[in-house]
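Fold and geometry: a report
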Amino acid sequence: MLGLTTTVDDDPLARRRRDRRLFGGLVAAAMLALLTLDYLGRPIAAVLAYWTFVVGAGVVMYRSDVIMDERDRALERVASHRAVLAVGAGLVVLGPGIGALSEADVYDAPALVDGVLLGWVALFAVWGVAYGVTRLQR
Amino acid sequence: MFGLKSDSNDPLAARQRSRRIIWGLVAIGCLAFVGGLELGRPLVGVGLYWACCVGFMTYAAVTDHDPYDERDLEIQAKAAGSTLTVAAVVLIAGAPGMAALEAANAYTAPGWFWGAMFALAGVFGAFALGMTYHKRRI
Amino acid sequence: MKNHVRSYRTDADMSQADLAAAVDVSRQTINSIERERYDPSLELALKLAAYFDCRVEHLFALESADE
């Protein structure tokens, strides 16, 4: 009667659009809740609301079979790989450099810089474990 | 006479040789750095280390024999994806959570903690740049 | 790789969106494949060949083989 032939559920492209909008909306809501509640002086509520929306976005991402297709996943893999390589390059150059400058009493890095290097080292350690596990599975 | 195949006829041997060269350069660089620290010449050590890093990158750029084939690169990329997922969870849970605790005067994070969070945020900045770049090309 | 996905699709009088829906990927993926900017996975290549009822080597070829 209304000339409708398909529902959202029948059309994967429409479902993809719906899931992407839902995901984006939840992420935006998370950021809005965090910033608004924090501004209103409710930091714990801000974080709890943020986590709730982020978990919701995560559920949408993992339950949807159309939100990302193989090209999206390939893009993500390439970008992740390049990001980790960039971190590796940064670590390779900066880590020993800062260590040597400290040993030579030329420059003592503040705790924040040590934290940056620690964060990148931890990231690489996780990558190493993930690489070993993935290699065993393939 | 000795039954040796030249690398140009044996791509597997060529790949293995490439790997030995690049990882050999890494090992020499690390030894030079540690040696420099031990001998009280940290700047010399790090200079030699960086020279080996330049050698590593130069060789990787000019060699005809990629040290890693498509399966290796796929495993590295998948591991990078898993790594960034872990990093996302740590960043999403850690940064706002610690900020809330500090705002509520419940706990003050050590300096290195925020450095580590900035490090992870920087990784996602690199990831976003990579996605933007590759989305236009793929 | 080179491919003939666009000519098979237009011969079938289909839009990129129609083909995307048929093989369960996004329209952007079909667009990227047709522009030879993205090489599909083996699974997707076989799906496309099955959809057009042709052999996968009629749809896709290595650049050197095509030349």
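Residues numbered from 1 in each chain as written. Chains lettered and ligands numbered in written order. Predicted model: local features only at pLDDT ≥ 70, side-chain atom pairs only at ≥ 80, totals over all residues.

In this section: the overall build of chain A. On a plain count of helices and strands, chain A comes out with four helices and zero strands. Ordered by position from N to C terminus, the α and β elements of chain A give α-α-α-α. The C-alpha atoms of chain A give 22 Å as radius of gyration, which overshoots the globular expectation for 138 residues (14 Å, by more than 25%). Projecting the C-alpha coordinates of chain A onto the three principal axes gives extents of approximately 85 × 50 × 20 Å. Within chain A, buried positions represent 25% of all 138 residues. Nonlocal contacts in chain A, meaning residues at least 24 apart in sequence, comprise 55% of its contacts between residues at least 6 apart. (Helix = DSSP H or I, 4+ residues; strand = E, 2+ residues; numbered from the N terminus. Rg over C-alpha atoms; globule rule 2.2 N^0.38 Å. Buried ≥ 20, exposed ≤ 12 C-beta atoms within 10 Å, placed from the backbone. Contact = placed C-beta atoms within 7 Å.)

To continue, consider the overall build of chain C. In terms of helices and strands, chain C carries six helices and two strands. The order of helices and strands in chain C, counted from the N terminus, is β-α-α-α-α-α-β-α. Relative to its length of 67 residues, chain C is compact, with a C-alpha radius of gyration of 11 Å against a globular reference of 11 Å. With respect to the principal axes defined by its C-alpha atoms, chain C has extents near 30 × 25 × 20 Å. Relative to its 67 residues, chain C shows a buried fraction of 31%.

Turning to the interface of chain A and chain B, a few remarks are in order. Between chain A and chain B, the contact holds 45 residues from the first and 45 residues from the second. Among the secondary structure elements, those contributing two or more residues to the side of chain A that touches chain B are helix H2 (43-63), helix H3 (70-103) and helix H4 (111-137) of chain A. No other element matches the 19 residues that H3(A) contributes to the side of chain A that touches chain B. Grouping the constituent residues of the side of chain A that touches chain B by class yields 31 nonpolar, six polar and eight charged. (Nonpolar A, V, L, I, M, F, W, Y, C, P; charged D, E, K, R; others polar.)

So, about the domain arrangement of chain A. We note that the domain assignment places domain 1 (12-63) and domain 2 (70-137) within chain A. Computed from C-alpha atoms alone, the centre-to-centre distance between domain 1 of chain A and domain 2 of chain A is 28 Å. (Domains from an automatic or database assignment.)

Moving on, we come to H2(A). For H2(A), with 21 residues, the first-to-last C-alpha span of 30 Å sits near the 30 Å given by 1.5 Å per residue. Residues of H2(A) that are buried include every one of A:Pro43, A:Ala46, A:Val47, A:Tyr50, A:Phe53, A:Val54 and A:Val60, and no others. Projected down its long axis, H2(A) shows its buried positions confined to an angular sector of 145 degrees, all on one face. Facing away from the buried side of H2(A), by more than 90 degrees, are the exposed residues A:Tyr62 and A:Arg63. Against helix H1 (12-39) of chain A together with helix H3 (70-103) of chain B lie the buried residues of H2(A). (Expected span 1.5 Å × (residues − 1). Arc of directions from axis to C-beta.)

Moving on, we come to the environment of B:Leu12. Residue and element names in this part refer to chain B. Of note, Leu 12 is situated in helix H1 (residues 11-38). Judged by the 11 C-beta atoms lying within 10 Å of it, Leu 12 is exposed. Considering only alpha carbons, one finds Leu 12 and Pro 67, 55 residues apart in sequence, at a separation of 9.4 Å.

On to helix H2 (residues 42-62) of chain B, then. In this model H2(B) runs 30 Å from its N-terminal to its C-terminal C-alpha over 21 residues, within 8% of the 30 Å that 1.5 Å per residue would give. Here the buried face of H2(B) lies against H3 of chain A together with H1 of chain B.

Time to look at the nonpolar core. Counting 28 residues, the largest nonpolar core has A:Ala83, A:Trp127, B:Leu120 and B:Val123 as its most contacted members. Residue contributions to this core peak at eight residues, all from helix H4 (residues 111-137) of chain B. Residues within four places of B:Leu120 in sequence aside, it is in contact with A:Gly119, B:Ala87, B:Val90 and B:Leu91. Ranked by size, the runner-up nonpolar core spans 15 residues in total, among them C:Leu19, C:Ile33, C:Leu44 and C:Phe60. (Core = buried A, V, L, I, M, F, W, Y, C linked by C-beta atoms within 7 Å.)

To continue, consider the confidence of the model for chain A. All names here are of chain A. Of all residues in chain A, 92% have pLDDT values of 70 or greater, and the mean over the chain is 89. Ranking the elements of chain A by mean pLDDT puts H3 last, at 90, and H2 first, at 94. Throughout residues 1-6 the model reports pLDDT below 50, and contacts reaching past four residues in sequence, or to other chains, amount to one contact. (pLDDT = per-residue confidence, 0-100.)

Further remarks concern the confidence of the model for chain C. Residue and element names in this part refer to chain C. Scored by pLDDT, chain C comes out at a mean of 91, with 94% of its residues at no less than 70. Of all helices and strands in chain C, the one with the weakest mean pLDDT is helix H6 (residues 63-66) (62), whereas helix H1 (residues 5-11) scores best (96). For this predicted complex, the interface confidence reaches an ipTM of 0.84, while the overall pTM sits at 0.83.

All names here are of chain A. By secondary structure assignment, the location of Leu 91 is in helix H3. In this structure Leu 91 comes out as partly exposed when scored by C-beta crowding, with 18 C-beta atoms within 10 Å. Separated by 20 residues in sequence, Leu 91 and Ala 111 have C-alpha atoms that sit 16 Å apart.

On to the packing of H1(A) against H2(A). All names here are of chain A. Running from amino to carboxyl end, H1 crosses H2 at an angle of 170 degrees, the nearest separation of the two axes being 7 Å. Overall, the two elements H1 and H2 adopt an arrangement that is roughly antiparallel. Residues Asp 19, Leu 22, Phe 23, Leu 26, Val 27, Ala 29, Ala 30, Ala 33, Leu 34, Leu 37 and Asp 38 of H1 form the contact with H2, whose participating residues are Pro 43, Ala 45, Ala 46, Ala 49, Tyr 50, Phe 53, Val 54, Gly 56, Ala 57, Val 60 and Met 61. Looking at the contact of H1 with H2, its residues break down into 19 nonpolar, one polar and two charged. (Axes fitted to C-alpha atoms, helices over the stretch in contact; angles between N-to-C directions. Parallel < 35°, antiparallel > 145°, perpendicular 65-115°, else oblique.)

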